[in-house]
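Architecture and fold: a report
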Amino acid sequence: ELLRPSMPCRPKTNVMFLKTHKTASSTILNILFRFVEKYSLTVALPAGQNVHLGYPNAFLANFVEDFRAIGGNYNIMCNHLRFNPSEVRKVMAANTFYFSILRNPIPLLESSYVYYKNYAPAFRISRNVNEYLASPMKYYRPGSYKENIYARNIMWFDFGYDNNAEDNTRYIQSVLKEIEQNFHLILIAEYFDESMILLKHTLCWDLDDVIYFKLNSRSQDTVQTLTLESKERIKTWCSLDWKLYLHFNQSFWRKIENTIGLKELEKEVNLLRMRQKELMETCLSDQEAVEKNHIKNKALLPFQSGAADILGYNLKQDLDNRTLRTCQKMVMPELQYMSYLYAVQHPQKKRKQAGLPSMWSSFLEK
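Overview of the structure. Computed from a predicted model, the values in this text were never measured in an experiment. (Residues numbered from 1 in each chain as written. Predicted model: local features only at pLDDT ≥ 70, side-chain atom pairs only at ≥ 80, totals over all residues. Heavy atoms only, no water.)

**A few points about the packing of aromatic side chains**
Counted by the stated rule, this structure contains 28 aromatic pairs. Judged by centre distance (6.0 Å) and plane angle (85 degrees), the ring pair of Y55 and F157 falls under edge-to-face. One end of the pair, Y55, is in the loop between helix 1 (25–38) and helix 2 (67–70); the other, F157, is in helix 8 (residues 154–158), with 102 residues separating them in the sequence. Owing to a relative accessible area of 1%, F157 belongs among the buried residues under this scheme. Taken together, a centroid distance of 6.2 Å and an interplanar angle of 40 degrees make the contact between F97 and F99 tilted. Judged on exposure class, the residue F97 and its partner F99 are both buried. Within the aromatic cluster, the residues linked to one another by ring pairs are Y113, F123, Y132, Y139, Y140 and W237. Stacked on the ring of F157, the Lys or Arg R82 has its end atom at 3.8 Å from the ring centre. Just above the ring of W237 sits the side chain of R152; from NZ or CZ to the centre is 3.9 Å. (Phe/Tyr/Trp six-rings, centres within 6.5 Å; stacked < 30°, edge-to-face > 60°. Helix = DSSP H or I, 4+ residues; strand = E, 2+ residues; numbered from the N terminus. Buried < 20%, exposed > 50% of the residue type's maximum accessible area, 1.4 Å probe, protein only. Lys NZ or Arg CZ within 6 Å of the ring centre and 35° of its normal.)

**Some details on unusual backbone geometry**
Here the amide bond leading from Y55 into P56 is cis, since omega sits at 5 degrees, within 30 degrees of zero. Along the chain, P56 falls in the loop between helix 1 and helix 2. If you check the backbone angles, S40 has positive phi at about 50 degrees while not being a glycine. Assignment of secondary structure puts S40 in the loop between helix 1 and helix 2. Taking the relative accessible area as the measure of exposure, S40 reaches 64% and is therefore exposed. One non-glycine residue with positive phi stands out, namely D66, at about 65 degrees. Position of D66 relative to the elements: it lies in the loop between helix 1 and helix 2. Classification of D66 as partly exposed rests on a relative accessible area of 21%.

**A look at the state of the cysteines**
Using the criterion set out here, one finds two disulfides in the structure. Across the disulfide from C9 sits C204; the S-S distance is 2.0 Å. Looking along the S-S bond of the C9-C204 disulfide, the torsion reads about 95 degrees, which is the right-handed sense. Of the two residues, C9 sits in the segment before strand 1 (15–18) while C204 sits in the loop between helix 10 (192–203) and helix 11 (228–237), which places them 195 residues apart along the sequence. In this model C283 forms its disulfide with C327; the gap between the sulfur atoms is 2.0 Å. Handedness of the C283-C327 disulfide follows from its S-S torsion of about -75 degrees: it is left-handed. Remark: C327 occurs in helix 14 (residues 321–331) and C283 occurs in helix 13 (residues 262–283); sequence separation between them is 44 residues. Residue C283 is classed as buried on the basis of its relative accessible area of 0%. Of note for the protein: the bonded cysteines, numbered N- to C-terminal, pair according to 1-2, 3-4. (Disulfide = S-S within 2.5 Å.)

**What to know about the pairing of strand 1**
Residues V15 and F17 line one face of strand 1 and the alternating positions M16 and L18 line the opposite face, and both faces are buried. Here strand 1 pairs with strand 2 (residues 76–77) via two bridges, running parallel. Counterpart to V15 in the pairing with strand 2 is I76. In this sheet, strand 3 (residues 97–102) lies alongside strand 1 in parallel orientation, the contact comprising four bridges. Along strand 3, the bridge assignment pairs M16 with Y98. (Pairing = 2+ DSSP bridges.)

Here is the structure:
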């Protein structure tokens, strides 16, 4: 801390995170939800029984619970939405920090395929991911775009653009420029720990604010192996996402060099991993994520989708109350955490059906 020449900064508490699909974004959501609790912040949550902020429709301010009453003063927004800057600005304060995360479209598409197998028609009617990629237009109908968004350029879509747009250089350049104007920082899923350190520095947060356990990942045996041909085909089939990723992967590393430097980065990543390991040893009975049918406490079972086996955690039995609460929050799946924060923030509203198990009810009494 003494090495920092500038004035000590104050943690930024107005933050908008565009949660993209299959990009480690659920882990970031958990980080943000814990931050909300640490500083008693307000979070823009989906209205009524919804679990998304209107996704896949373009976001509108009235998708947020109590928007009329609270207006443009929420601290944090991080649930799935399709980015629509003018409407998001109605909800968030003027000095809000905007960030998002991208993932290499090659592993991303395979992850989407398994996760949305039963949902996206293009995936449903193809036998496996390689067959789909051999001739996507055989399965993919742009017309049924709402169901098929996961099957092509999903990140482009999440940022609010047409995922079936023609790949034309001028168009791509204008979109990249617009994203750069709307977002202060774009993280990269392949370098998640590095991303967390960059985020910590940029927001002036503590190391403990960006400690995480990986959430919503799936077991290895549901991963389908892409052939070399398939990998190459993704670059053209999802060329909008591919160019988006390449562009921001470069600017990510430029930002790191300009703000932290690679040496300091490596040092802090190691600290993060040590602290994470320490917490895992404190909290978890099995030192790692386990398959869905091995999760003993059903309250901690993540939402299961498609052909993916979404992993979760078992906590140690004999934790003292304070440690137990910390550990529970670290492993709390997205829907449960959202339902819990919704009940805390909107006590007069009907509870969300999104599974708020009895164990969280005791939190609400505190």
